[in-house]
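Here is how the chains run, residue by residue.
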Amino acid sequence: MDNAFADRLRKKSFLLPEAYGNEFAKRVFQRKDMLFALTALLLFAGLALFAPLISPYDPNTIDLKSKNLSPSEEHLLGTDYLGRDLLSRILIGARTSLSIASGVVLISLFIGTAAGCAAGYYGGLVDESISRVIDIFLSFPGVIFALTIMGVLGSGVFNLMLALSIVHWAKYARMMRGQVLSIKKQEFILSAVTGGAGDFYIIRKHIVPNTIATLLVLATIDFGHVILSIATLSFLGVGMPADVPEWGAMLSAGKEFMRTAPYQTIFPGLAITFVVVVFSILGDGMRDILDPNHEGGEVY
C-alpha cells in the first residue's frame with residue numbers, strides 16, 4: 001500500500017485526500033503535530049459554536065464596581081476597565097473571529113479560484129489582464145491596504161469581511177493560475193480537448209478537482225493570517241464596532257492597563273497566538289502530507 005501510495009503521489013504535485021482514502025488519514029494520525037492541531041482546532045470550533053451557552057456572564061454587561069479585577073473564582077480571567085468578564089468576551093470573541101475568518105477565506109477562495117482559473121486556462125489577453133490586476137493587488141502591503149479600505153467604508157462586520165476579501169483573493173488567484181498552467185499541459189486535458197469537451201466541462205471535471213488539495217492547504221494556512229488581520233484592524237480601531245467582543249479590540253483597550261492589569265492583554269494575546277499557531281501547524285502538516293516533494297520554505 002505504501003509503495004502504491006508513493007507512486008500515485010509522484011504523478012502529481014498534489015492529490016485530493018479522497019484520492020487515497022485511509023492512507024491519508026493514516027499519515028495524519030502518524031504525525032503528533034497534526035493530531036495536536038486537529039484536537040486544538042476542534043476545541044476552538046466547539047468553544048466558538050457554544051460560546052453563548054458556556055459564557056459565565058453577558059460579555060457586554062458593564063459593572064463599574066467590578067472593573068479591573070484580577071483573575072479569581074468569580075471571574076476566572078478577571079475583568080476589563082468597564083467591569084466586563086474577560087473569559088466571556090474571549091469566548092464570544094472566538095465565535096466572532098471564526099465566523100468572519102470563514103467568510104473571508106470562502107469569498108477570497110471563490111474569487112481567486114475563478115480569476116486564476118480563467119487566467120491560466122484561456123491565456124492571451126485574458127491572462128495578461130488578470131495577471132496585471134493580481135500584481136497590483138499583491139503590490140500593496142496587506143494591512144495598509146485593508147486599513148485604507150476600512151477608512152473609506154467604516155467599521156462593521158460586512159465591511160471588515162469585504163476589505164479582507166479584497167486583500168486576500170489575489171494570492172489564491174496567483175496560485176490557481178500557476179496550477180492551471182501546469183495541469184492544462186497534461187495528457188488527460190489534451191485528450192479531453194481532442195474529444196470535443198467544452199471549456200466549462202474541462203475546468204469543472206478535470207482542472208478544479210486536481211487543484212483542490214493545493215487550495216485546501218493554502219486556505220488552511222491563510223485562515224490563521226486572516227484571524228491575525230482581523231485582530232490587527234480591530235486593535236487599530238477600524239475593525240469591529242465597540243459593542244462586539246473581539247480579541248484585537250480587547251488588546252487595544254487593555255494596553256492602557258499594562259502595568260496595573262496586564263492580564264487584560266495577556267489573555268486575548270494568548271488566544272490570538274494559539275489560534276494562529278494551530279492553523280499554521282495544520283497547514284504545514286497538510287502540505288507535507290499532500291506534497292511529498294516539498295522541502296520547506298514558502299511555496300505560495
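Residues numbered from 1 in each chain as written. Predicted model: local features only at pLDDT ≥ 70, side-chain atom pairs only at ≥ 80, totals over all residues. Heavy atoms only, no water.

1. Comments concerning the nonpolar core
Among the nonpolar cores identified, the biggest contains 57 residues, and L160, L164, I207 and W247 are the most heavily contacted of them. Beyond its immediate chain neighbours, meaning those up to four positions away, W247 contacts F44, I90, G93, A94, S97, I227, P268, A271, I272 and V275. M34, V278, L282 and M286 belong to the second-largest nonpolar core, a separate cluster that totals 12 residues. (Core = buried A, V, L, I, M, F, W, Y, C linked by side-chain atoms within 4.5 Å. Buried < 20%, exposed > 50% of the residue type's maximum accessible area, 1.4 Å probe, protein only. Contact = heavy atoms within 4.5 Å.)

2. Let's talk about the packing of aromatic side chains
Evaluation of the coordinates by the stated rule reveals 7 aromatic pairs. Between F137 and W169, the aromatic rings sit 5.2 Å apart at their centres with planes inclined by 70°, giving edge-to-face as the arrangement. A residue pair is termed long-range when its members are at least 10 positions apart, and F137 in helix α6 (residues 124-139) and W169 in helix α8 (residues 157-183) qualify at 32 residues. By relative accessible area, W169 is classed as buried at 10%. Summarising the aromatic geometry, the rings of F223 and F279 are spaced 4.6 Å apart at their centres and angled 15° between planes, so their arrangement reads as stacked. Note that F223 is positioned in helix α11 (residues 212-235) and F279 in helix α13 (residues 263-290), a separation of 56 residues in sequence. Each of the two residues, F223 as well as F279, counts as buried. Over the face of the ring belonging to F235 we find K255, whose NZ or CZ atom lies 5.6 Å from the ring centre. (Phe/Tyr/Trp six-rings, centres within 6.5 Å; stacked < 30°, edge-to-face > 60°. Helix = DSSP H or I, 4+ residues; strand = E, 2+ residues; numbered from the N terminus. Lys NZ or Arg CZ within 6 Å of the ring centre and 35° of its normal.)

3. Considering the confidence of the model for the protein chain
Taken residue by residue, the protein chain gives an average pLDDT of 83. The fraction at 70 or more is 89%. The spread of mean pLDDT over the elements of the protein chain runs between helix α1 (residues 2-11), the lowest at 44, and helix α5 (residues 86-122), the highest at 92. Predicted confidence is poor over residues 294-300, with pLDDT under 50, and the contacts of this stretch with residues over four places away or in other chains come to 13 contacts. (pLDDT = per-residue confidence, 0-100.)

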